[in-house]
Amino acid sequence: MSGASDAGISIRNADAQEPNGGAKTPTLTERFASVADFIQIPTPPAWVEWAVQNQSMLLWDHGNCEKKAASSALSLMFRYPEHNSLVHRMSRLAREELRHFEQVQKLIEQRAYAYEMVPAARYAGGLRSCVRSQEPQRLIDMLIVGAYIEARSCERFAALVPHLDDVLAKFYRGLMESEARHFQDYLALAAEYAPPEELITRIEEIGREEARLIGAPAESFAFHSGPPA
Ligand SMILES: [Fe+2]
Ligand SMILES: [Fe+2]
């Protein structure tokens, strides 16, 4: 997760003034130095066991998640074409997520895993329900949700690696670094549009819902599901 700790992003937005004689302004990387600092609970060990027992389902749903990550990035580009840095970062991110999808798809083909439909997970929908409808709050919340999905994916890859065969473990180790970088990309963008106090408050609020979704027992397995009910 080396990419998570070196961005040095200021938590202040571009227009904010340094308070006279005030305490040193915290940076996002000081407050959320790593994925582990950002997410509020770790993945339950029972989910990891569930995933290891359902590797075909794991890969099918992981592929879905990569497609959705690319699609979300494209949606932001369509919705906010006037925000240059967002458009550039999201364009690169969408291409990278589609490459991840192609890698997952190749593994599925190599392993001859028959298609398995993964029931719609409540995770992304639950997080989206936190997003406020007015701008610029909507954009800020969407970026925080993006950061949480990337951070959780990174944490889940790390939790799975010790339990997987060499090929899948190597692949997931590589993805951990990409998703940690994406987590920081979303945070850096959020810091461009949100005053620092609002950003931290919203990160903590959305983080509470994220933790609830990850900890709540689930009827069916998914990449972002809770542990088995
Ligand atoms: Fe990805
Ligand atoms: Fe990602």
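Residues numbered from 1 in each chain as written. Chains lettered and ligands numbered in written order. Predicted model: local features only at pLDDT ≥ 70, side-chain atom pairs only at ≥ 80, totals over all residues.

Peer 1: Any chance you could break down the packing of helix H7 (residues 137–160) against helix H9 (residues 196–215) for me, citing the residues and the numbers?
Peer 2: Look at H7 against H9: their axes get within 10 Å of each other, and the N-to-C directions meet at 45 degrees. Taken as axis vectors, H7 and H9 run oblique relative to one another. The hand of the H7/H9 crossing is right-handed. Listed contacts from H9 to Ile 140, Asp 141, Ile 144, Val 145, Tyr 148 and Arg 152 of H7 are Arg 202, Ile 203, Ile 206, Gly 207, Glu 210 and Ile 214. By residue class, the composition of the contact of H7 with H9 is seven nonpolar, one polar and four charged. (Axes fitted to C-alpha atoms, helices over the stretch in contact; angles between N-to-C directions. Helix = DSSP H or I, 4+ residues; strand = E, 2+ residues; numbered from the N terminus. Parallel < 35°, antiparallel > 145°, perpendicular 65-115°, else oblique. Left-handed = near helix turned anticlockwise from the far one by under 90°. Contact = placed C-beta atoms within 7 Å. Nonpolar A, V, L, I, M, F, W, Y, C, P; charged D, E, K, R; others polar.)

Peer 1: Report on the nonpolar core, specifying residues and quantitative values.
Peer 2: Across soluble globular proteins, nonpolar side chains have a tendency to be buried as a group. Residues Leu 143, Ile 144, Ala 147, Ala 151, Cys 154, Phe 183 and Ala 190 are the most contacted members of the largest nonpolar core, which totals 51 residues. Those elements that provide at least two residues to this core are helix H2 (35–38), helix H3 (45–53), helix H4 (55–79), helix H5 (84–110), helix H6 (122–128), H7, helix H8 (166–193) and H9. A total of 14 residues in this core trace back to one element, the largest contributor, which is H7. (Core = buried A, V, L, I, M, F, W, Y, C linked by C-beta atoms within 7 Å. Buried ≥ 20, exposed ≤ 12 C-beta atoms within 10 Å, placed from the backbone.)

Peer 1: Provide a residue-level description of the environment of Ala 180, including the pertinent values.
Peer 2: You can see Ala 180 is positioned in helix H8. C-beta crowding within 10 Å serves as the criterion here: with 25 such atoms nearby, Ala 180 is assigned to the buried category. Separated by 146 residues in the primary sequence, Ala 180 and Ser 34 have C-alpha atoms spaced 8.1 Å apart.

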